[in-house]
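Fold and contact review
Spelled out, the chains give:
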Amino acid sequence: MSNRALRKLQGKSDIFIPELKDDSSEENAPDPAAKSSSKKSKSRNLVTNPFELLNDSVGEDSPGAQNASNNSDLTEETAESANQEDSQGANQNLQKKKKRRKKKGKSAAAGKEMSQTVEEDEIDASIREVNRLLGDLGTRSQEEDSSEQSLITSDMRSLLSVEHKNLIPDNEMRRIFGSRVVQAEQVNRRRNRNRPAHRSSWLATPKDSWPPMGKTGLSMSHQESHHGNLYFNFEHSTQYQQIQRQFWEAVDSLNHQNIVNILQLQPYHIDSLLQLSEVCRMSEDLQMSTELVERALYSFEVAFHPLFSLTQGTCRLSYRRPENRAFYIALFRHLCFVGQKGCYRTALEFCKLLLSLDPEGDPLCVLLMIDFYALKSQQFTFLVRMFEEWEAHRNLSQLPNFALSVPLAMFQLAGQNGQDIAKATEMLEDSVLMFPGVLLPLLEKCGVSPDSGVTNSALFGQTSQYSPDALKQLLALYVGRCWPCWKEPEVVAWLEQTVRCLLDKVENGEPRVEQYNTRRKTRYCGTPRNIYRHVLISEIKEALSVLPMEVNSGAVFSYDPLPPLDSIASYERPARRTRAQEDGYLSMFLRSLLPNFNPDEVAQEPEGAAGGEQGNNLRQGVGALMDAMRDLLNNIRPVDPPVENHQGEDGEQHDEPQDWD
């Protein structure tokens, strides 16, 4: 509202109304000050109100004054209407200005959005994809979780869930050795200001000496969702496949320097890191071996899919694909290194993570060692709970490690809580009857000499000698790994007392002896491939010594030991040249003359090589050449020595040669 309208509302008017005077001379005399003031007021009113001119010749009491007053009222009304129009116009102008500002803001925002479109398109697309997959997973999980076909319930999933803080060995080292030791090491790391920037990781702690992370060519894709589980696959780019072929050639060359050259060009190539780590371990350089495995895990974690979770226990990876197998091997070796440092709680978490990737297939047989880390980390409740929940569909009591470690965990829990050990003793008796061959090697490993009643018993002597080979491998694996858990004095005393009671029952004709003897012969006829794989990677001497010859003598690669027979390869390994092509056929012919030559080795083509037809032709040609050589050697007859004619003293010739004196 204008100032003029405000004055009218307060009773003030800018209109000048002159007063009518008498006709006296003094009153009619003009006053200069009044004239000047009237002129100023008139000039001011002319500017403000054009209707003021009507009031100059009219008095207040005259009818014209009334008309003037009426006109003044009209004037005020018109002025108010004009002010209203002015205020409306001002409001319209303000609205127009606001619209212009909004348009300018929108145009500026649009410009910013246009400038950021390239950067945010990929992020928005990934977010939309994640939201879509989460929505699909929610709907599918609601439908599929009610199905009875799912073997792993929600309780079992929670059993395999992992906490991030338990995956870091430094956290457990603080609990064992105190925070000062770990903090001093971290301070030494931070002093290096020129260290490369690395992403934070849960599986491994990046070191300052590691090369910077670039584009490795390794990625992860989501395949499907089934029964509330997410299935993923690692994938190799075209550049990564080329490096992988170079790695295969380096392995075939049997020269470790070729693998080092690959890592100089691609420092985060997974199989090269795993193979070189094994070389360092055999050279007793455990620090470098551990660091190479950690670098492989760091490369994997950088390539994780946004939906891939380490803690939920619902993410799956197929071991049939070579790209996924390297992740299994890296996790297995890392948890072994962590366990050797004494971080058993961390190793147990990695066991749970490794088992959650494929709990039904268990390609590396994590079930054969998860009990050891549970006992060493004093997670007795977890071990007993796992046995009770998984026994129905996995028959864990048929594995010697669970049959013996679970009663030990029950014994430890009873000692902590002050409970009765009767249930643990009963289960230990049943386990020793089922696996009697474990007692004497276990006591020998613990440094305990058994009495004559145990050594002369038929149950622990003759029966254990006729155990199947598959069972001997499992028992040797358990003794070689878990014997430290049984060497405590109270545990040895409990075991001794239990065995004595068991011998008394056997002498009285225990019916379970024959029953379990028949069960051992029928259930342990062969060893699965994943158990062989576990024994080879674990490298426990007691178990390696009982492996069959076909496993020990075969070619086993450290980066992929005993791959599954139904493996799914995304890309093929390049064809290798045969020995005849590398050495030449003349050299092969000379080698064929040796007595230990085997044409089957020449004709045999390696996996991925081109065609058995070429090998068959080479074998036929070598076989024909060998037949010709045999005929030639059979038809050769020694030549009779030449006969010299010697003339005797009587002049006659004699055909007999003279003897050499």
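Residues with a pLDDT of 70 or more make up 59% of the protein chain, whose mean pLDDT is 75. The least confident element of the protein chain is helix H2 (residues 25-28), whose mean pLDDT is 42; the most confident is helix H14 (residues 370-376), at 96. The model gives residues 602-615 a pLDDT under 50, and that stretch makes 18 contacts with residues more than four places away or in other chains. Low confidence marks residues 654-661, where pLDDT is under 50. Its contacts with residues over four positions away, or in another chain, come to nine contacts.

This part is about the environment of Lys352. Structurally, Lys352 can be placed in helix H13 (residues 344-356). Judged by relative accessible area, Lys352 falls into the buried class, the value being 9%. Between the C-alpha atom of Lys352 and that of Leu367, which follows or precedes it by 15 residues, the distance is 9.5 Å. Residues in contact with Lys352, not counting those within four places in the same chain, are Leu159, Leu160, Ser161, Val162, Ile370 and Phe382.

This brings us to the nonpolar core. Counting 129 residues, the largest nonpolar core has Phe327, Phe402 and Trp486 as the members making the most contacts within it. Excluding its chain neighbours within four sequence positions, the residues that come into contact with Trp486 are Leu404, Leu408, Leu428, Leu442, Cys446, Tyr478, Val491, Val492, Trp494 and Leu495.

An order of E1-E2-E3 is seen for the three strands of this open sheet, with the pairing classed as mixed. The sheet is open, and its two edges are formed by strand E1 (218-226) and strand E3 (315-317), each paired on a single side. For this sheet, the mean inter-axis angle between neighbouring strands, taken without regard to orientation, is 35°. As paired strands, strand E2 (residues 229-236) and E3 are joined by three bridges and run parallel to one another. If you follow Leu230 over to E3, its bridge partner there is Cys315. Across the sheet, helix H12 (residues 322-340) lies against E2 and E3, angled at about 105° from E2, the strand it touches most.

On to the side chain of Gln244. Within the element layout of this structure, Gln244 appears in helix H8 (residues 238-252). Of note is the side chain of Gln244, whose polar atom sits 2.8 Å from the side chain of His269. Excluding residues within four positions of it along the chain, Gln244 makes contact with His269, Asp271 and Tyr571.

To continue, consider unusual backbone geometry. For residues other than glycine, phi is negative in most cases, and the peptide bonds are mostly trans. Of note, Asn395 is a non-glycine position whose phi angle comes to about 50°, a positive value. Asn395 gets classed as partly exposed once you look at its relative accessible area, which sits at 46%. At Glu539, a residue that is not glycine, the phi angle is positive and equals roughly 55°. Relative to the helices and strands, Glu539 resides in the loop between helix H24 (529-538) and helix H25 (541-544). Using a relative accessible area of 33% as the deciding quantity, one classes Glu539 as partly exposed.

Moving on: the packing of aromatic side chains. Considering all chains together, one arrives at 18 aromatic pairs under this definition. Aromatic side chains Phe234 and Phe304 sit 6.4 Å apart centroid to centroid with 40° between the ring planes, which places their arrangement in the tilted category. Placement of Phe234 in strand E2 and of Phe304 in the loop between helix H11 (286-302) and E3 is noted, with a sequence separation of 70 residues between them. For the pair formed by Phe234 and Phe304, the shared burial category is buried. Ring geometry for Phe234 and Phe327: centres 5.7 Å apart, planes at 55°, overall tilted. Placement of Phe234 in strand E2 and of Phe327 in helix H12 is noted, with a sequence separation of 93 residues between them. A relative accessible area of 0% means that Phe234 is categorised as buried. The buried category is assigned to Phe327, whose relative accessible area is 0%. Every member of this aromatic cluster is reached through a ring pair, and the members are Phe232, Phe234, Phe300, Phe304, Phe308 and Phe327. It is Arg295 that lies over the ring of Tyr268; its NZ or CZ is 5.9 Å from the centre.

What follows concerns the pairing of E1. Sheet topology note: the E1/E2 ladder contains eight bridges and is antiparallel. Following the sheet pairing, Ser221 is matched in E2 by Asn233. In this structure, the hairpin formed by E1 and E2 is closed by a connection of two residues, where His227 is found at a positive phi of approximately 55°.

This part takes up H11. Taking 1.5 Å of rise per residue, the 17 residues of H11 would be expected to cover 24 Å, and the 25 Å separating its terminal C-alpha atoms lies within 8% of that figure. Along H11, 13 of the 17 residues are buried, which leaves the element largely enclosed by surrounding structure.

This part covers the pattern of salt bridges. Across all of its chains, the model carries 14 salt bridges by this definition. In this structure, Arg325 engages Asp560 in a salt bridge whose closest nitrogen and oxygen atoms are separated by 3.0 Å. Remark: Asp560 occurs in the loop between helix H26 (549-552) and helix H27 (579-583) and Arg325 occurs in helix H12; sequence separation between them is 235 residues. With respect to burial, Arg325 and Asp560 carry one shared label: buried.

About the thresholds
- Residues numbered from 1 in each chain as written.
- Predicted model: local features only at pLDDT ≥ 70, side-chain atom pairs only at ≥ 80, totals over all residues.
- Heavy atoms only, no water.
- pLDDT = per-residue confidence, 0-100.
- Helix = DSSP H or I, 4+ residues; strand = E, 2+ residues; numbered from the N terminus.
- Contact = heavy atoms within 4.5 Å.
- Buried < 20%, exposed > 50% of the residue type's maximum accessible area, 1.4 Å probe, protein only.
- Core = buried A, V, L, I, M, F, W, Y, C linked by side-chain atoms within 4.5 Å.
- Pairing = 2+ DSSP bridges.
- Axes fitted to C-alpha atoms, helices over the stretch in contact; angles between N-to-C directions.
- Polar contact = N/O pair within 3.5 Å; in protein donor to acceptor, adjacent residues only side chain to side chain.
- Phe/Tyr/Trp six-rings, centres within 6.5 Å; stacked < 30°, edge-to-face > 60°.
- Lys NZ or Arg CZ within 6 Å of the ring centre and 35° of its normal.
- Expected span 1.5 Å × (residues − 1).
- Salt bridge = Lys/Arg side-chain N within 4 Å of Asp/Glu carboxyl O.

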